[in-house]
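Close look at the chain arrangement
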Amino acid sequence: MTMPSTRPSGPKSVKTADASQSPALSAAQQQLQHQQAVQQKVQASLAKRHTKEKLFRRLGFSAVLISLGLVAILFINIFSKGLPAFWQSSITLDIYFDPAIVKVSDKPVKTATESEQAFQQRSMQWQTEVGFINFNRLITNSLKQVLPDANKHRRELSRVVTSGERYALRDLVLANPDIVGQTRRLHLLTDANIDVWLKGNIDRSLPDEQQQLSPVLQRWAEQLAKEGIIQNRFSFALFMNPDSRSSLASAGLAGAFMGSFYMLLVVILLAVPMGVAAAIYLEEFAPQNRFTDLVEVNINNLAAVPSIVFGLLGASVLIGWFNLPMSAPIVGGIVLSLMTLPTVIIATRSTLKAIPPSIRQAALGLGASKMQAVFHHVLPLAIPGILTGAILGVAQALGETAPLLLIGMKSFVASVPATPFEQSTALPVQIFLWQGNELRNFFEARTSAAIIVLLVMMLSLNGIAIFLRKKFQRNW
């Protein structure tokens, strides 16, 4: 009989333990291998991602540099052409108000028994009498004192000083009749062609028949400039005079500036209050229904409508139906208000949305009404954003041209409007008109100068928006 062996078989037990641990080890090894593979894959892709990031940064930086470069080229081009236009050739002459030429009666003085109407009638007659005086003779007589051979070229003599300066002499007599018989030293604007010639804005190598100045005028201009009688002086006429076609050298921006001012005034009085009120209602009080959604969608769509469409609307409705005066700043202001309204509404609504709801909830929790919560707690916090949006909308309206062309503001207006109902033009339209002038050598610089004035006004409005935003900004 064989007894069973009680000694455990060693190799068999070890083999059993290895068999039980092998799945765990295998899983750990697989996980380790997976992690190593992932790390290798990440490391392999890391360089590629870094390369893409560097490429993106370089592209973005290049885009910024290109944008800044283009803006710099634009500004350099505008300022290099426009800044010289702020200085203009003017001739200094001793003008003798010869009583033999300026034959005028005494200026009317209102008597105690005279009615206001009768006095105004006598004053108008006296002004008409002064207007008939040939003030050009005063200028030519003074030119003969500085140009020895002037008598040989009488026709050329009248082309040295721009024709509009005779009105300056007339205004001196109207303001002070006692000036008759006296000699005054005055700085008068030269003709536009002389200004172009002395500034070198024309090819002097061209033959005489292709030059805008005759050889005599060329010689006189050089001689007077050399003697210091013609000098480059700051041109106040650019800011004080309206546009002119008979006296190009004295054409200015006063009429266009006042037209733009009246239009901006209308925009501020119409678009800003209406836009802010509409935005507050839609954002805070309007019920959420399909009608409100329809209004919001249409407001957003109006912001994308081309500006020329608003011009058509103004021409057909405001001028055609309501018979408002054509070329008047009041019409331009209403058209620009309609165009600016969506911008003000969208900007104001975005600002109101940015106010934390806890502000409203806290006010309502303390017993405030809905209106009190909005006007006493929400709006004060939203004022910086509302002002910024409103001013940016007004600045946008200032630079618009297309809608104004359709309501007749491209017409030539040689006067400064006294009210928004008088005919006028606007700065962008004046730039458009000057850009197409035939005397391009003179008005190219004049156009750039007008663009500088417009840019200064727009940058000033943007600066005011930034100042107001920082002044009223509150942190919560």
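Please refer to the structure placed before this passage.
Residues numbered from 1 in each chain as written. Predicted model: local features only at pLDDT ≥ 70, side-chain atom pairs only at ≥ 80, totals over all residues. Heavy atoms only, no water.

Observations regarding the pattern of salt bridges
- Taken as a whole and judged by the stated rule, the model has 14 salt bridges.
- Here E53 and R57 are joined by a salt bridge, their closest N and O atoms 3.0 Å apart. Pair noted here: E53 and R57 are both in helix α1 (residues 10-82), with a separation of four residues, about one helical turn.
- The class for E53 is partly exposed, based on a relative accessible area of 38%.
- Among the residues examined, R57 registers a relative accessible area of 57% and is labelled exposed.
- Two residues, E284 and K370, come together in a salt bridge whose shortest N-O distance is 4.0 Å. (Salt bridge = Lys/Arg side-chain N within 4 Å of Asp/Glu carboxyl O. Helix = DSSP H or I, 4+ residues; strand = E, 2+ residues; numbered from the N terminus. Buried < 20%, exposed > 50% of the residue type's maximum accessible area, 1.4 Å probe, protein only.)

So, the packing of aromatic side chains
- Inspection of every chain in the model, using the stated rule, returns eight aromatic pairs.
- Pairing F86 with F239 gives two aromatic rings, centres 5.9 Å apart and planes at 20°, and the pair type is stacked. Of the two residues, F86 sits in the loop between α1 and β1 (87-96) while F239 sits in helix α8 (residues 237-240), which places them 153 residues apart along the sequence.
- F86 gets classed as buried once you look at its relative accessible area, which sits at 8%.
- Across the ring face of W197, the terminal group of R204 is positioned such that the distance to the ring centre comes to 4.5 Å. (Phe/Tyr/Trp six-rings, centres within 6.5 Å; stacked < 30°, edge-to-face > 60°. Lys NZ or Arg CZ within 6 Å of the ring centre and 35° of its normal.)

Details of a nonpolar patch on the surface
- A cluster of nonpolar residues, W87, F234, F236, F239 and M240, forms a patch on the protein surface that exposes about 550 Å² of accessible area.
- Position of W87 among the secondary structure elements: in strand β1.
- Residue classification places W87 among the partly exposed residues on the basis of a relative accessible area of 39%. (Patch = residues over 30% accessible without salt bridge, like charges linked within 9 Å, V, L, I, M, F, W, Y side chains within 5 Å. Areas by Shrake-Rupley, 256 points an atom, 1.4 Å probe, with all protein chains shown as cover.)

Here we look at the sheet that holds β1
- Within the open sheet, the three strands sit side by side as β2-β1-β3. Their pairing is antiparallel. Looking at which strands have only one partner, the edges of the open sheet turn out to be β2 (183-189) and β3 (230-234). Between one strand and the next, the sheet's axes are offset by a mean angle of 45°, whatever the strand orientation.
- Taken together, the five bridges between β1 and β3 define a ladder with antiparallel strand orientation. Looking at the pairing, Q88 lines up with R233 of β3.
- Contacting β1 and β2, helix α3 (residues 136-146) crosses the sheet at an angle of about 95° to β1.
- Running at roughly 125° to β1, helix α6 (residues 192-199) makes contact with β1 and β3 of the sheet. (Pairing = 2+ DSSP bridges. Axes fitted to C-alpha atoms, helices over the stretch in contact; angles between N-to-C directions. Contact = heavy atoms within 4.5 Å.)

Considerations on unusual backbone geometry
- Positive phi, close to 55°, is recorded for N323, a residue that is not glycine.
- Tracing the chain through its elements places N323 in the loop between α11 (307-319) and α12 (329-353).
- On the basis of relative accessibility, which here comes to 61%, the residue N323 falls in the exposed class.

Section: α3
- When we look at burial in α3, the residues that qualify are L138, I139, T140, S142 and L143.
- Considering only its buried residues, α3 is in contact with β1, α4 (154-157), α5 (165-175) and β2.

Concerning the packing of helix α2 (residues 116-131) against α5
- Remark: α2 packs on α5, axes separated minimally by 10 Å, with the N-to-C direction vectors making an angle of 145°. In this structure, the crossing between α2 and α5 has a hand that is right-handed. Seen from α2, the contacting residues are W126, Q127, V130 and G131; seen from α5, they are R170, V173 and L174.
- Within the contact of α2 with α5, the residues separate by chemical class into four nonpolar, two polar and one charged. (Left-handed = near helix turned anticlockwise from the far one by under 90°. Nonpolar A, V, L, I, M, F, W, Y, C, P; charged D, E, K, R; others polar.)

No statement about biological role is implied by the geometric values presented.
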